[in-house]
Amino acid sequence: MKKKPDETKKSAICPFSRRGFLKGMLATGVLASVPAGILRAHAWERIHYEGGYETFRNACPRNCYDTCSIKSYVRNGVLEFIEGAQESTFTDGALCVKGYAYPRRVYSPDRIKYPMKQIGRGTGNWKRISWDEALTEIGKKILEIKKKDGSLLGMALDKYSGNFGITHYGVEGMMSSLGYTSRFVGTPCWPAGIDAQNFDMGNMWCNDPEDFVKAKYIILWGGNPAWNSMHTMKFIYEAQERGAKLVVIDPLLTQTAAKADLYVRVKTSQDGALALGLARHIVDKDLYNREFVEKYSKGFDDFVSYLKTNVTVEWAAEQSGVPVEVIKQIAEEYAKAEPGTIWAGYGLQRHINGGANVRAIDALAAMTGNIGREGGGVRYGHLQTWGFNYNAMVQKQPEGSVGYTGKDKIKSEFTAEQEGAANYSDRTININKLAESILTVDEPPIRLLWVACKNPFAQDFDRPKLQKAFDKLEMVVVVDQFFNETVQNADIVLPSTTLFEEYTVNVSYWHYWLSINEKAIPEQYEARSDLQIGAMLSKKMNELDAGSCTFPEIMDTREWMEKEFNDGIHKLFGIKSWEDLRSGPRKAKLPSSASWHDRKFATPSGMYEFSSDLAAEYGHTKLPEYRVRRKAYDKFRVLTPHTQFGLHSQFVNIDYMEDFNREPFVYINPNAAKAKNITDGDMVKVFNKVGTVTVKAKLTDNVAEDVILMYEAWFRKANYNVQNLVDDESSDMGSFKTGAPGVAIHDQFADIAKA
Ligand SMILES: Nc1nc2c(c(=O)[nH]1)N[C@H]1C(S)=C(S)[C@@H](COP(=O)(O)OP(=O)(O)OC[C@H]3O[C@@H](n4cnc5c(=O)[nH]c(N)nc54)[C@H](O)[C@@H]3O)O[C@H]1N2
Ligand SMILES: Nc1nc2c(c(=O)[nH]1)N[C@H]1C(S)=C(S)[C@@H](COP(=O)(O)OP(=O)(O)OC[C@H]3O[C@@H](n4cnc5c(=O)[nH]c(N)nc54)[C@H](O)[C@@H]3O)O[C@H]1N2
Ligand SMILES: [Mo]
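Residues numbered from 1 in each chain as written. Chains lettered and ligands numbered in written order. Predicted model: local features only at pLDDT ≥ 70, side-chain atom pairs only at ≥ 80, totals over all residues. Heavy atoms only, no water.

Next up on the list: the overall build of the protein. Tallying secondary structure elements over the protein gives 26 helices and 29 strands in all. Scaling as 2.2 N^0.38, a compact globule of 755 residues should have a C-alpha radius of gyration of about 27 Å, and the protein matches this with 26 Å. Principal-axis analysis of the C-alpha atoms gives the protein an extent of 75 × 65 × 60 Å. Residue burial in the protein is summarised as follows: out of 755 residues, 65% are buried. Considering only contacts within the protein whose residues lie at least 6 apart along the sequence, 74% involve residues at least 24 apart. (Helix = DSSP H or I, 4+ residues; strand = E, 2+ residues; numbered from the N terminus. Rg over C-alpha atoms; globule rule 2.2 N^0.38 Å. Buried < 20%, exposed > 50% of the residue type's maximum accessible area, 1.4 Å probe, protein only. Contact = heavy atoms within 4.5 Å.)

In structure tokens form, the structure reads like this:
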């Protein structure tokens, strides 16, 4: 009889992994021909076999549009290779190159294997300690803080998108089960656009990306899916084959732009002007959709008078750098296409006027009647499939817990009676101001920082300030897999499992598939999942001080994954239980591939709101008006977008990925380089008011003369970090729906010189 996965023997380091990497890449189609079988081995467990391998269903939990459904092949407890699930028409049997490198990531010699303590933060003097020692030290610190401050608000959680598996919200649950704490809220990623779409439509909701094939005209605006959502590209190519025109609007000539029928180089942060110029021309040519604006929208007349008073195509051309004829051409082609679609990428809104720019783009889609159409829409993201129980997340504070009572107190999930206490809450702090907050927040100050699923030193803003902030903390605990820069700034590191070593469940904010993530191999070394760590900490806390933690002390990740399912999820995906997902991912049963297909909007008026009172309440203009961009604070504009070979700080450090991507570069236009006496391959210094990065230059006219380009990434061997050039300036929107404004990542400036 096959044992439960939890009891399988501890695996050896995979001897075949480099081969497995290649095999995974070549496997698509090959393995489809090997005989498959399902063996009923135990009442609750069916083991799937294929070609001599035990197979498991997994899902890539990274913060990526594609959230791929994975099939994993295990022999003798060793993950040998993986492939994209064939059942998902989105994943379509293929992974990205990072995905194929997963087995190496699991068995990387660089993985953090045991709990460790650093004697002197930043010294590199690490000592292996036992789980018991680690948890005792952390537990004692938590109790000390509670005693000193009378609350646990001095303990803060910094978590974001390292793993989007639903049970990972158990980290938030673990914090609640200790008491009221400080929480970094908001998102560094997409909040300005989320608010914009909420003001305009009442929610963020995109068409099924598979329906790109139905589009006749595609405007890809400020996104680079050839790298960041490669699985969507096949639908765009199919649309092109069926005759659709692809327009890419980006200040960089990206790999996506290279596939376009028309590439439009826009001046960074000036998309609002461009969108309004397009809208003005559509009005002038009487090409807007009367039915939509009359029946389903509010405030269109006001919008038209704003355009007529404040916007001309010539002005838009001047502001955006896009010639008048091109604006007129796109306006006419897009307005006449049935349907025309816009994909508003996240890069677009990481600006001080990013939300305003997205609202102007939404208006364009609405006035042409493209919202609610299959193959149309303005695509940004959605959370339609995220209706889980969040059982792991919702935990109750221990009795007698004291918390935050300030005016901006957040609402508790529990009634005051259930809480049996005064109306306390966690203290929320803007996630994008991590450094600033640690340095300035008081009464009580942040003393203990728990970092999980987040690499602030690589991904957060103003790294020199972050260094000062960390130096101020009394204790830093990081739960992670590799010795990255954040870990280097920790006192205690706890080893986290990879996705193959735990159960969870995954959905996407872009496509509509649901995947189960099975535990395919045992926990490696002494790694534990975030949930298991919560349970272990709970046991220790209650040993040290009975009743000080309400989190369950025994943790089976499978049981907790099961608890996330409910009737709504079963119905939406047409499954009876999560076990149905063991035979493959499922897609939501959508009444239409179009979002807002019934054109009933979730705004206060139930209409598409060209004029939004809610926007005004949050301090914005009612109409999607032009908002000026950030004033340059240095010579060149610095863009630090996402890289092909990493997912933020993840993957780039894996040796197999280094084969593809050996070192970082700064990309600069040849004319700009000439003026600075820089030639290809020179070491250069890029510097601004935040800090300096020293890196090799590459000359390319893919970037404009006033732009310097560097990709965000964490290289194991290079001393390279773009956050030395990015400050923490806020974007205009985000507070409405995410609790904090976004961050103006792409509104940064620097100068460059030969090193
Ligand atoms: N300059 C610049 N900065 C940016 C951006 C940019 O474009 N330019 N983009 C921003 C955006 S869009 C985002 S979304 C953020 C992303 O910021 P983060 O969410 O911090 O990004 P990641 O590097 O993906 O993940 C963080 C860490 O989670 C760890 N991890 C993985 N799995 C687990 C797990 O199961 N448990 C635990 N405890 N840890 C795990 C990984 O090893 C990694 O160290 O960065 C933002 N920062
Ligand atoms: N390979 C890979 N895939 C990823 C990620 C990754 O790190 N690597 N990250 C994942 C995550 S968390 C996210 S949020 C998404 C991000 O996906 P994208 O939205 O595609 O993100 P970026 O690469 O940051 O930005 C896309 C483009 O926006 C452009 N841009 C910047 N400013 C402006 C502007 O003012 N106007 C216009 N029109 N364009 C502008 C940049 O030049 C860039 O080409 O990708 C996800 N997928
Ligand atoms: Mo993101």
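Strands pair in a sheet through their backbones, by hydrogen bonds, and they do so in one of two ways: parallel or antiparallel. Spatial strand order, 20-21-22: 3 strands in an open sheet with antiparallel pairing. The outermost strands of the open sheet, each flanked by one partner alone, are strand 20 (504-507) and strand 22 (586-587). Two strands pair when backbone bridges link them, and strand 21 (residues 513-517) and strand 22 are joined in this way by 2 bridges, in the antiparallel orientation. Looking across to strand 22, one finds that leucine 514 is bridged to arginine 586. (Pairing = 2+ DSSP bridges.)

What follows covers the packing of aromatic side chains. Here a ring pair, both rings aromatic, is described through the centre-centre distance and the interplanar angle of the planes. This model, assessed by the stated rule, comprises 49 aromatic pairs. Centre to centre, the rings of phenylalanine 551 and tryptophan 560 are 5.8 Å apart; their planes meet at 40°, and the pair counts as tilted. Assigned by exposure class, phenylalanine 551 and tryptophan 560 land together as buried. Among the aromatic residues, those joined into a cluster by ring pairs are Trp205, Tyr288, Phe292, Tyr296, Phe300, Phe303, Trp596, Phe601, Tyr608 and Phe610. Sitting over the face of the ring of tyrosine 525, lysine 113 holds its NZ or CZ atom 5.4 Å from the ring centroid. Over the ring of tyrosine 169 we find lysine 159, and its NZ or CZ is 4.5 Å from the ring centre. (Phe/Tyr/Trp six-rings, centres within 6.5 Å; stacked < 30°, edge-to-face > 60°. Lys NZ or Arg CZ within 6 Å of the ring centre and 35° of its normal.)

This brings us to the environment of asparagine 721. Relative to the assigned elements, asparagine 721 resides in the loop between strand 28 (707-709) and helix 26 (735-738). For the pair asparagine 721 and threonine 368, spaced 353 residues apart in sequence, the C-alpha separation works out to 43 Å. If near-sequence neighbours (up to four positions away) are discounted, asparagine 721 is found in contact with Phe457, Ala458, Arg463, Glu485 and Val693. A distance of 2.7 Å separates the side chain of asparagine 721 from the backbone oxygen of phenylalanine 457, its partner in a polar contact. (Polar contact = N/O pair within 3.5 Å; in protein donor to acceptor, adjacent residues only side chain to side chain.)

Below, the discussion takes up the site of ligand 1. Around ligand 1 lies a shell of 35 residues, among which Ser161, Asp480, Asp530, Thr640 and Ser649 are the nearest. Aspartate 480 places a side-chain nitrogen or oxygen 2.5 Å from an oxygen atom of ligand 1. Here an oxygen atom of ligand 1 and a side-chain polar atom of histidine 642 are 2.9 Å apart. Coverage of ligand 1 by the protein chains reaches 99% of its 920 Å² of free accessible surface. Here the shell around ligand 1 is built from residues that sort into 11 nonpolar, 17 polar and 7 charged. (Near = heavy atom within 4 Å. Areas by Shrake-Rupley, 256 points an atom, 1.4 Å probe, with all protein chains shown as cover. Nonpolar A, V, L, I, M, F, W, Y, C, P; charged D, E, K, R; others polar.)

Under the criterion given, the structure shown has 48 salt bridges. Where glutamate 501 meets arginine 111, a salt bridge forms, and the shortest distance between an N and an O atom there is 2.8 Å. Taken as a pair, glutamate 501 in the loop between strand 19 (492-495) and strand 20 and arginine 111 in the loop between helix 3 (102-106) and strand 6 (116-118) lie far apart in primary sequence, 390 residues in all. Residues glutamate 501 and arginine 111 agree in their burial class; the two are buried. We note a salt bridge from lysine 465 to aspartate 728, for which the minimum N-O separation is 3.5 Å. In this pair, lysine 465 sits in helix 18 (residues 463-472) while aspartate 728 sits in the loop between strand 28 and helix 26, placing the two residues 263 residues apart along the sequence. Classification of aspartate 728 by relative accessible area gives buried; the value is 12%. Within the structure, one salt-bridge network assembled from shared partners comprises Lys141, Glu144, Lys148, Asp149, Arg447 and Glu474. (Salt bridge = Lys/Arg side-chain N within 4 Å of Asp/Glu carboxyl O.)

Here we come to the domain arrangement of the protein. By a widespread convention, an interface's size corresponds to the accessible area lost as its parts come together. Domains assigned within the protein are domain 1 (2-106), domain 2 (116-188 + 391-502 + 525-587), domain 3 (191-380) and domain 4 (636-754). Between domain 1 and domain 2, the residue contacts involve 23 residues of the former and 21 residues of the latter. Where domain 1 abuts domain 2, roughly 1900 Å² becomes buried across the two surfaces, and 51% of that area is made up of carbon and sulfur atoms. Its largest share of buried area at the contact with domain 2, domain 1 owes to Pro61, Asn63 and Arg105, together 25% of the area lost on that side. Here domain 1 is connected to domain 2 by 6 residue pairs in polar contact (both at pLDDT 80 or more). When residues of the side of domain 1 that touches domain 2 are traced back to their parent elements, those giving at least two are strand 2 (45-50), strand 3 (53-59), strand 4 (69-75), strand 5 (78-84) and helix 3. Its residues placed into classes, the side of domain 1 that touches domain 2 shows 9 nonpolar, 6 polar and 8 charged. (Domains from an automatic or database assignment. Buried area = accessible area lost by both parts, 1.4 Å probe.)

On to the nonpolar core. Counting residues in hydrophobic clusters, the biggest one holds 146 residues, and the most contacted among them are Trp221, Phe303, Leu364, Met367, Ile371, Leu514 and Phe565. Not counting the four nearest positions on each side in its chain, leucine 364 is found in contact with Trp221, Ala275, Leu278, Ala279, Ile282, Tyr334 and Ile342. Of all hydrophobic cores here, the second largest spans 33 residues; its members include Met174, Met175, Val477 and Phe551. (Core = buried A, V, L, I, M, F, W, Y, C linked by side-chain atoms within 4.5 Å.)

Moving on, we get to the site of ligand 2. Taken together, 34 residues form the shell around ligand 2, and within it Asn224, Asp250, Ser269, Asp271 and Gly646 come nearest. Contact between ligand 2 and glycine 347: an oxygen atom at 3.1 Å from a main-chain N or O atom of the residue. The contact in question runs from a nitrogen atom of ligand 2 to an N or O atom on the backbone of threonine 643, over 3.0 Å. Starting from 920 Å² of accessible surface for ligand 2 in isolation, the protein chains cover 99%. Taken together, the residues of the shell around ligand 2 sort by class into 12 nonpolar, 17 polar and 5 charged.

The subject of this paragraph is the sheet that holds strand 25 (residues 665-668). Strand order in the closed barrel made by the 6 strands is 24-28-25-27-26-29, with mixed pairing throughout. Here the average twist between neighbouring strands, direction ignored, is 45°. Direction of pairing for strand 25 relative to strand 28: antiparallel, over a ladder of 2 bridges. Counterpart to tyrosine 667 in the pairing with strand 28 is leucine 709. (Axes fitted to C-alpha atoms, helices over the stretch in contact; angles between N-to-C directions.)

Turning our eyes to something else, we now look at the packing of helix 9 (residues 271-284) against helix 13 (residues 324-336). At a closest axis distance of 9 Å, the pairing of helix 9 and helix 13 adopts a crossing angle of 65°. Viewed along their axes, helix 9 and helix 13 adopt a mutual orientation that is roughly perpendicular. As for the relative orientation of helix 9 and helix 13, their crossing is right-handed in sense. Along its contact with helix 9, which presents Leu274, Gly277, Leu278, His281 and Ile282, the element helix 13 presents Ile327, Lys328, Ile330, Ala331, Glu332 and Ala335. Looking at the contact of helix 9 with helix 13 residue by residue, the classes come out as 7 nonpolar, 2 polar and 2 charged. (Parallel < 35°, antiparallel > 145°, perpendicular 65-115°, else oblique. Left-handed = near helix turned anticlockwise from the far one by under 90°.)

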